[in-house]
Amino acid sequence: MDENKMVCECYNIRVKDIKKAIAEGCDTFEKMERSMRLGVLCGACVNDAKKTIELCKKM
Ligand code: FES
């Protein structure tokens, strides 16, 4: 997976940011929603963001 792939345009969150969050124990969509505002503005990224989180957790 491309580390620089944009996951959430509204908050400029990339795959590498998702991986970093998981490494720091922030390992669910709901936690990232709270800690980094993932998906809270337009909501367009929510489904993809959830898939990306699951994929990153398996890596
Ligand atoms: S793209 Fe993620 S909230 Fe808009």
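Numbers given for residues are sequential positions, taken from 1 along each chain in its written order. Local features in a predicted model are, by the rule used here, given only for residues with pLDDT of at least 70; side-chain atom pairs are given and counted only at 80 or more, and totals for whole chains, interfaces and linings are based on all residues.

A. Fine view of the nonpolar core. To form a nonpolar core, buried Ala, Val, Leu, Ile, Met, Phe, Trp, Tyr and Cys residues must be joined through C-beta atoms within 7 Å. The exposure scheme places C-beta atoms from the backbone and then counts, for each residue, the other C-beta atoms within 10 Å of its own, assigning buried at 20 or more, exposed at 12 or fewer, and partly exposed in between. Counting 10 residues, the largest nonpolar core consists of Val 7, Cys 8, Ile 13, Ile 18, Ala 21, Met 32, Leu 38, Cys 45, Ala 49 and Ile 53. A pair of residues counts as a contact when their C-beta atoms, built from backbone coordinates, are within 7 Å of each other. Excluding anything up to four places from it in sequence, Ile 18 contacts Val 7, Ile 13, Thr 52, Ile 53 and Cys 56.

B. Structural context of the packing of helix H1 (residues 15-23) against helix H3 (residues 46-58). The contact between H1 and H3 brings their axes to 10 Å, and the two run at 60 degrees. Relative to H3, the element H1 is oriented oblique. The handedness of the crossing between H1 and H3 is right-handed. Between H1, through Val 15, Ile 18, Lys 19 and Ile 22, and H3, the contact on the second element is made entirely by Thr 52, Ile 53, Cys 56 and Lys 57. In terms of residue class, the contact of H1 with H3 is made up of five nonpolar, one polar and two charged. Here, axes are lines fitted to C-alpha atoms. For helices the fit covers the stretch in contact, and angles between N-to-C directions go from 0 to 180 degrees. Secondary structure elements follow DSSP: runs of H or I no shorter than four residues count as helices, runs of E no shorter than two count as strands, and numbering proceeds from the N terminus. Should an angle fall under 35 degrees it is taken as roughly parallel, and over 145 as roughly antiparallel, whereas 65 to 115 is taken as roughly perpendicular and any remaining angle as oblique. Note on convention: near helix rotated counterclockwise from far helix by under a right angle means a left-handed crossing. Clockwise means right-handed. Gly is placed with the polar residues, together with every amino acid not listed as nonpolar (Ala, Val, Leu, Ile, Met, Phe, Trp, Tyr, Cys and Pro) or charged (Asp, Glu, Lys and Arg).

Geometry only, nothing functional implied.
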